[in-house]
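Coordinate analysis (summary)
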Amino acid sequence: HRQYWRAVLVGVGAGAVALLFQQALHLAEGVRASLLTYLHGYHPAAGVFVLPVVAGVIGAFVAWCTMRFVPEAAGSGIPHVKGVLMHMSSLSWHKVLPMKFLGGLLAIGSGFSLGREGPTVQMGAAVGNAIADALRVPPKAKPRLIACGAGAGLAAAFHAPLAGFIFMIEELQRELSALTYAMALIAAVVADIVTTSFWGTSNAFHVTEFPAAPVSSLPVFAVVGVVAGLFGVAFNQSLVAVQKYVCSRPKASVWKRAALIGVTVGFVAWWLPEATGGG
């Protein structure tokens, strides 16, 4: 079926972009860790100011470039993809793709506490849009490929094709059809195959092996779930509250705010480096 081959192409493209992004982040975070090790060992007095300056300059540069040239690439990117699929926004893939890649690489690499989920989802959606344009897909079918690309990006980022498939169905494409399900699953699986073929099958999150917990400890896990859920709700509400507060205040330049955040990140990296970057 023609639609299935389109999903394969989207999976290959989204997987390739996610793989390149993942490898670039690995190198960038390695450079940051090496720089911190060197500064701690040889220049502890002056070294405390090096990363704040670097992160501040990078934050200002990325913020200025994003807001000046590609404002839709700001933030995690997932709300923008949702807006595109709801026909409330447009997706200029030839602008979003390079800006999201470069901006995400510089920001996460310099220590900003961000993940690769949002960027890979938005870049995957951009890949889906690019393939739809290249194949001259009818306008009615284009959102399906954009959604498949977003799900494939998530699958490739965490080696989790089922998660990418469910994410696409639940969050992006509410159309209940066998064709949508099949295309989403194909794109997610193909993207995961692309990344594991080059990067290996190692888990995105490494957990040390431990013996199975006894049945009597199950109530403890329930408590952990409740506490984690409460922290998650509090974190989300705090993000929204801070965003509303910033929007209600007299607006300073975006690049100035990003520079201040970068300086803060740099100081945090000096004292608590494990709290910075992708995590």
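Conventions adopted
Residues numbered from 1 in each chain as written. Predicted model: local features only at pLDDT ≥ 70, side-chain atom pairs only at ≥ 80, totals over all residues. Heavy atoms only, no water. Helix = DSSP H or I, 4+ residues; strand = E, 2+ residues; numbered from the N terminus. Buried < 20%, exposed > 50% of the residue type's maximum accessible area, 1.4 Å probe, protein only. Contact = heavy atoms within 4.5 Å. Areas by Shrake-Rupley, 256 points an atom, 1.4 Å probe, with all protein chains shown as cover. Lys, Arg positive; Asp, Glu negative; His and termini not counted. Charge placed at Lys NZ, Arg CZ, Asp CG, Glu CD. 1 Å grid on protein atoms, 1.4 Å probe; cavity = no way out; pocket = protein on both sides within 12 Å on 5 of 7 lines; lining within 4 Å. Points joined across faces, edges and corners; volume = space filled by probe spheres on them. Nonpolar A, V, L, I, M, F, W, Y, C, P; charged D, E, K, R; others polar. Expected span 1.5 Å × (residues − 1). Salt bridge = Lys/Arg side-chain N within 4 Å of Asp/Glu carboxyl O. Patch = residues over 30% accessible without salt bridge, like charges linked within 9 Å, V, L, I, M, F, W, Y side chains within 5 Å. Phe/Tyr/Trp six-rings, centres within 6.5 Å; stacked < 30°, edge-to-face > 60°.

Looking at the overall build of the protein chain
Broken down by element type, the protein chain carries 11 helices and zero strands. Secondary structure elements in the protein chain, listed N-terminal to C-terminal, are α-α-α-α-α-α-α-α-α-α-α. By principal-axis analysis of the C-alpha atoms, the protein chain measures approximately 65 × 55 × 40 Å. Relative to its 279 residues, the protein chain shows a buried fraction of 41%. Within the protein chain, residue pairs in contact and separated by at least 24 positions form 80% of the contacts whose partners lie at least 6 positions apart. Put simply, the protein chain shows about 15800 Å² of open surface, and 70% of that area lies on carbon and sulfur atoms. Mean positive and mean negative side-chain charge positions of the protein chain (18 and 10 charges, respectively) differ by 14 Å.

As for the layout of surface pockets
Where empty space is left can be seen by rolling a probe of water-molecule size over the atoms. Considering only enclosed or pocket space, the largest pocket measures out at about 1700 Å³ in volume. Of the residues contributing to the lining of the largest pocket, the split by class is 23 nonpolar, 11 polar and four charged.

Some thoughts on helix 6 (residues 117-134)
With 18 residues, helix 6 extends 26 Å from end C-alpha to end C-alpha; this agrees with the ideal 26 Å at 1.5 Å per step. A positive backbone phi angle near 55° is found at Arg136, which sits one or two residues after helix 6.

Re the pattern of salt bridges
Taken as a whole and assessed by the stated rule, the structure comprises two salt bridges. The residue Glu29 makes a salt bridge to Arg32 at a minimum N-O spacing of 3.8 Å. Of this pair, Glu29 and Arg32 both sit in helix 1 (residues 2-42), three residues apart, roughly one helical turn. Among the ionic pairs, Lys142 bridges to Asp133, the shortest N-O distance being 2.7 Å.

Section: the environment of Met67
Within the secondary structure layout, Met67 lies in helix 3 (residues 50-69). Residue Met67 is classed as partly exposed on the basis of its relative accessible area of 42%. Between the C-alpha atoms of Met67 and Trp255, which are 188 residues apart in sequence, the distance is 8.7 Å.

As for the environment of Ala191
Along the chain, Ala191 falls in helix 9 (residues 178-199). Along the backbone, Ala191 and Ala14 are 177 residues apart, and their C-alpha atoms lie at a distance of 6.2 Å. In contact with Ala191, not counting residues within four places along its chain, are Gly11, Gly15, Ala152 and Ala156.

Details of a nonpolar patch on the surface
A cluster of nonpolar side chains, namely Val215, Leu218, Val220, Phe221 and Val224, defines an oily patch on the protein surface of about 520 Å² accessible area. With respect to the helices and strands, the residue Val220 is situated in helix 10 (residues 218-248).

Re the packing of aromatic side chains
Across all of its chains, the model carries five aromatic pairs by this definition. With centroids separated by 5.2 Å and ring planes inclined at 35°, the aromatic side chains of Tyr38 and Tyr42 adopt a geometry described as tilted. With Tyr38 and Tyr42 both in helix 1 and four residues apart, the pair spans about one turn of that helix. Given the relative accessible area of 41%, Tyr38 is considered partly exposed. Taken together, a centroid distance of 5.6 Å and an interplanar angle of 85° make the contact between Trp64 and Phe69 edge-to-face. Note on Phe69: relative accessible area 46%, which makes it partly exposed.

In short, the description is geometric, and any link to function would need to be established separately.
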